[in-house]
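# Survey of secondary and tertiary structure
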Amino acid sequence: MRSAERCPQRSCRERGRGRNSRKRETVGSSNMEDDVSLKFRQQLLLIDENLVSEDVAALKFLCTDLLPFRKLEGVKSAVDIFQLLMAEEYLNEEDTFLLAELLYRIKCHSLLNKLGYTKEKVQECLHEKGRVSPYRQMLYELSENITDEMLKDIIFLLQNCLPKRRITLSALELLILLEKQGLLTENNVQMLEEVCMNVSPDLLETVNCYKRAKVSLPQQENSVPVKESSLSHTGHIRVFSSPQETSIKPVNSNINDYKAANLLQWSPEMKLELSGEFSNIENESKKMTSYKMDGPQQRVCLVINNVNFERSLQERKGSCKDAEELRRVFTWLGLDVRTYTDLTAQEIKELMRTWQCWQDHKDRDCFICCILSHGESGAIYGKDEELVSIRMIMSHFTAKQCPQLAEKPKLFFIQACQGKDIQCPVYVEADAQIPDLSSMQQNISPSESIPEEADFLLGMATIDGYVSFRHVQQGTWYIQALCSKLQLLVPRGEDILSILTEVNEDVGRRVDRLGTKKQMPQPAYTLRRKFIFPIPRDPPPSQQH
């Protein structure tokens, strides 16, 4: 019995030894981790000791897209940057590639071996693991090539944009200041182009290289008519595509997330027909009857004009010129024009619900809505910089949601960017091949924003994925061309599709003064008949004095 009683005691001692053994293992493991962490931090200190103030400024600049401005402003040394990168989990002893990339970018190649890298090894990994954006690289390269004399000239040219107090700026500090003021963004380098053009052709070439890289896909450089056989077919909604040419102006957002969440899918019976042969459409339209346009009451046109935004999006200078021109032209066409300025996303939705429930639609023979704003693929921004789906806007006026407009034409004209890419002209010789357009099938077509029923038309200022061009004084190419062609062709009895074809032709021929930016609008429609405005009795506004 005594033997039996002693067994648990031995067992307890054995367990105690086991616990002590595990404790020693834990302490040993902790000591090893501390050793690794200490060695890693020693490496960072060695790197810091080999960097001068100019290097620290360069590291700060290259980290601008990764770390908050506020925190970067307090940086005094490279160690401060390393601490911030570690706090944001960009840098640790197991993954030092970002720091290796930064050292490579500022040409401190001799310090790479302290992280176990070589210049060649970093170059191999950049494609998959690089974190510094092409935009940030371009700006840094510019700063490296700006001499003191050039910097003086640039500051002189930009003196109206800079603080009135006299301050000494480095090239990097000047670029950061322009970014803070919203004058320079990833998708809007126009000011930079103009300055470089005046100061140095070499600097301008750096900017142009960046822009060419952004539009290097084949469909962005096609400047010949798109053939039907080049694109996918699926029938009743038609999208006009023609000379592929594009535009500028920025927006910052995660497009892919927004597409996935908000763009509705087609029902199985819906078919999509893409056509670049305008003559076929014209022949078909001649056989159609026209929508009834002799209702007893004045038709309504809404104009939503978002000019000012609450956070990072730039003021849309020149948009008021567009809104006023739309008001003049649609008033001349006999519509009651209601203009709304600077609406939030929620206010836009509430406005659509208000007009959806408007009982007087029953006495009107059409409904028109024009929206002028910044945008992304398939969506437009409210002034609060929240996105509103174009399809959601239009779906308020389907026959089910708005019975008073059933079988009546609903026209929507959207002046907004639909992405971040910029189209450039390409000069095609007679024996040149048409670029491969298969990748265009991945883009969101304007037809995907149209509700799955008849009697809708959506006129987009640009094709999906691209920005659109706006002159800060004269307004946008698209709206100005639309208003011009309405005044010219409505008195001739032309239908809306013929007019929009002329708008495509007009905008497609335009180019910025540097010859680098182009734009191509893209209408989509489910109209069943011709839409022809009644011919006004008065002369067009452009001919009135």
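This part is about the overall build of the protein. When helices and strands are counted, the protein shows 18 helices and 15 strands. Within the span of the protein, comprising 545 residues, buried residues form 51% of the whole. Approximately 27000 Å² of the protein is accessible, and the part contributed by carbon and sulfur atoms is 47%.

It is worth spelling out the packing of aromatic side chains at this point. Within a pair of aromatic rings, the relevant descriptors are the distance that separates the centres and the angle that separates the planes. The full count for this structure, using the stated rule, is nine aromatic pairs. Taking the centre distance of 4.8 Å and the plane angle of 65° together, the rings of Trp355 and Trp358 count as edge-to-face. Using a relative accessible area of 6% as the deciding quantity, one classes Trp355 as buried. The structure contains a cluster of three or more aromatic residues connected by ring pairs, namely Phe367, Phe397, Phe412 and Phe456.

What follows is about the sheet that holds strand E6 (residues 375-376). Judged by pairing direction, the sheet is antiparallel, and its three strands sit side by side in the order E6-E7-E8 without closing on themselves. Each edge of the open sheet carries a strand with a single partner, namely E6 and strand E8 (387-389). Bridge analysis of E6 against strand E7 (residues 379-381) gives two bridges, and the strand direction is antiparallel. Within E7, the position partnered with Glu376 by the bridge is Ala379.

Now for the nonpolar core. Counting 65 residues, the largest nonpolar core has Leu51, Leu103, Ile106, Met138 and Leu192 as its most contacted members. In this view, Leu51 contacts Leu59, Ala78, Leu103, Ile106, Cys108 and Leu111; residues no more than four positions away in its chain are not counted. Counting residues in each nonpolar core, the second largest holds 39 residues, with Ala323, Val337, Phe413 and Ile479 among its members.

To continue, consider the pairing of strand E11 (residues 456-460). Buried residues dominate E11, accounting for five of its five residues. With five bridges joining them, strand E9 (residues 410-415) and E11 adopt parallel strand pairing. Residue Ile414 lies in a different strand from E11, and its bridge partner there is Met460.

Two side chains bearing opposite charge may form a pair once their charged atoms approach each other closely. Summed over the entire model, instances satisfying the criterion amount to 16 salt bridges. A salt bridge links Asp294 to Lys292; its shortest N-O distance comes to 3.0 Å. The exposure classification of Asp294 matches that of Lys292, with both residues exposed. Linking Asp455 and Arg528 is a salt bridge whose minimum nitrogen-to-oxygen distance equals 2.9 Å. Taken together, the residues span a long stretch of sequence, with Asp455 in the loop between strand E10 (419-421) and E11 and Arg528 in the segment after strand E15 (522-525) at a distance of 73 residues. For Asp455, a relative accessible area of 4% puts it in the buried group. Through salt bridges with shared partners, a single ionic network connects Asp65, Arg136 and Glu179.

Where helix H7 (residues 134-145) meets helix H9 (residues 171-180), the closest approach of the two axes is 9 Å, and the angle between their N-to-C directions is 140°. In this view, H7 runs oblique relative to H9, as classed from their interaxial angle. As for the relative orientation of H7 and H9, their crossing is right-handed in sense. Contacts between H7 and H9 pair Tyr135, Arg136, Leu139, Tyr140 and Ser143 from the former with Ala171, Leu172, Leu175, Ile176 and Glu179 from the latter. Considering only residue class, the contact of H7 with H9 consists of seven nonpolar, one polar and two charged.

Another aspect to go through is H9. In terms of burial, H9 is largely enclosed, as eight of its ten residues are buried. Where H9 is buried, its residues touch helix H2 (53-62), helix H3 (69-73), H7, helix H8 (148-157) and helix H10 (190-199). Just downstream of H9, Gly182 is the residue with a positive phi angle, here 75°.

What follows covers the side chain of Glu325. When you line up the elements, Glu325 lands in helix H14 (residues 319-332). Overall, Glu325 belongs to the buried group, its relative accessible area being 11%. Apart from the residues lying within four places of it in its own chain, the contact partners of Glu325 are Gln480, Cys483 and Gln487.

Take the state of the cysteines next. By the definition in use, this model includes zero disulfides. Sulfur of Cys366: no disulfide; nearest cysteine sulfur belongs to Cys301 and is 8.8 Å away.

Another point: the environment of Gln359. In this fold, Gln359 is placed in the loop between helix H15 (345-356) and strand E5 (367-372). For Gln359, a relative accessible area of 46% translates into the label partly exposed. C-alpha of Gln359 to C-alpha of Gln404: the two residues are 45 residues apart in sequence and 7.0 Å apart in space.

What follows deals with unusual backbone geometry. Only a minority of non-glycine residues have a phi that is not negative, and only a minority of peptide bonds are not trans. Located in the positive-phi region is Glu385, a residue other than glycine, with phi close to 65°. Within the secondary structure layout, Glu385 lies in the loop between E7 and E8.

Attention now goes to H2. Within H2, the full set of buried residues consists of Asp55, Val56, Ala58, Leu59, Phe61 and Leu62. Contact partners of the buried residues in H2: helix H4 (78-87), helix H5 (97-105), H7 and H9.

Okay, the environment of Arg338 next. The topology assignment puts Arg338 in strand E4 (residues 335-341). In sequence terms Arg338 and Leu302 are 36 residues apart; their C-alpha atoms lie 5.0 Å from each other. Discounting chain neighbours no more than four positions away, the residues touching Arg338 are Val300, Cys301, Leu302, Val303 and Trp355. A polar contact of 2.8 Å, which involves the side chain of Arg338, links it to the side chain of Asp336.

Okay, the confidence of the model for the protein next. Confidence in the prediction of the protein, expressed as mean pLDDT, is 76, and 69% of residues score 70 or more. pLDDT under 50 marks residues 1-17. Its contacts with residues more than four places away, or in other chains, come to zero contacts.

A few words on the pairing of strand E3 (residues 299-305). Burial within E3 is extensive, with seven of its seven residues counted as buried. Here E3 shows a buried face lined by Arg299, Cys301, Val303 and Asn305 and a second buried face lined by Val300, Leu302 and Ile304. Pairing analysis gives seven bridges linking E3 to E4, with the strands arranged parallel. Residue pairing for E4: Val300 is matched across the bridge by Asp336. In this region the chain leaves E3, passes through H14 and returns to the parallel neighbour E4; the handedness of that crossover is right-handed.

Rules behind the numbers
- Residues numbered from 1 in each chain as written.
- Predicted model: local features only at pLDDT ≥ 70, side-chain atom pairs only at ≥ 80, totals over all residues.
- Heavy atoms only, no water.
- Helix = DSSP H or I, 4+ residues; strand = E, 2+ residues; numbered from the N terminus.
- Buried < 20%, exposed > 50% of the residue type's maximum accessible area, 1.4 Å probe, protein only.
- Areas by Shrake-Rupley, 256 points an atom, 1.4 Å probe, with all protein chains shown as cover.
- Phe/Tyr/Trp six-rings, centres within 6.5 Å; stacked < 30°, edge-to-face > 60°.
- Pairing = 2+ DSSP bridges.
- Core = buried A, V, L, I, M, F, W, Y, C linked by side-chain atoms within 4.5 Å.
- Contact = heavy atoms within 4.5 Å.
- Salt bridge = Lys/Arg side-chain N within 4 Å of Asp/Glu carboxyl O.
- Axes fitted to C-alpha atoms, helices over the stretch in contact; angles between N-to-C directions.
- Parallel < 35°, antiparallel > 145°, perpendicular 65-115°, else oblique.
- Left-handed = near helix turned anticlockwise from the far one by under 90°.
- Nonpolar A, V, L, I, M, F, W, Y, C, P; charged D, E, K, R; others polar.
- Disulfide = S-S within 2.5 Å.
- Polar contact = N/O pair within 3.5 Å; in protein donor to acceptor, adjacent residues only side chain to side chain.
- pLDDT = per-residue confidence, 0-100.
- Right-handed = clockwise from strand over helix to strand, strands pointing away.

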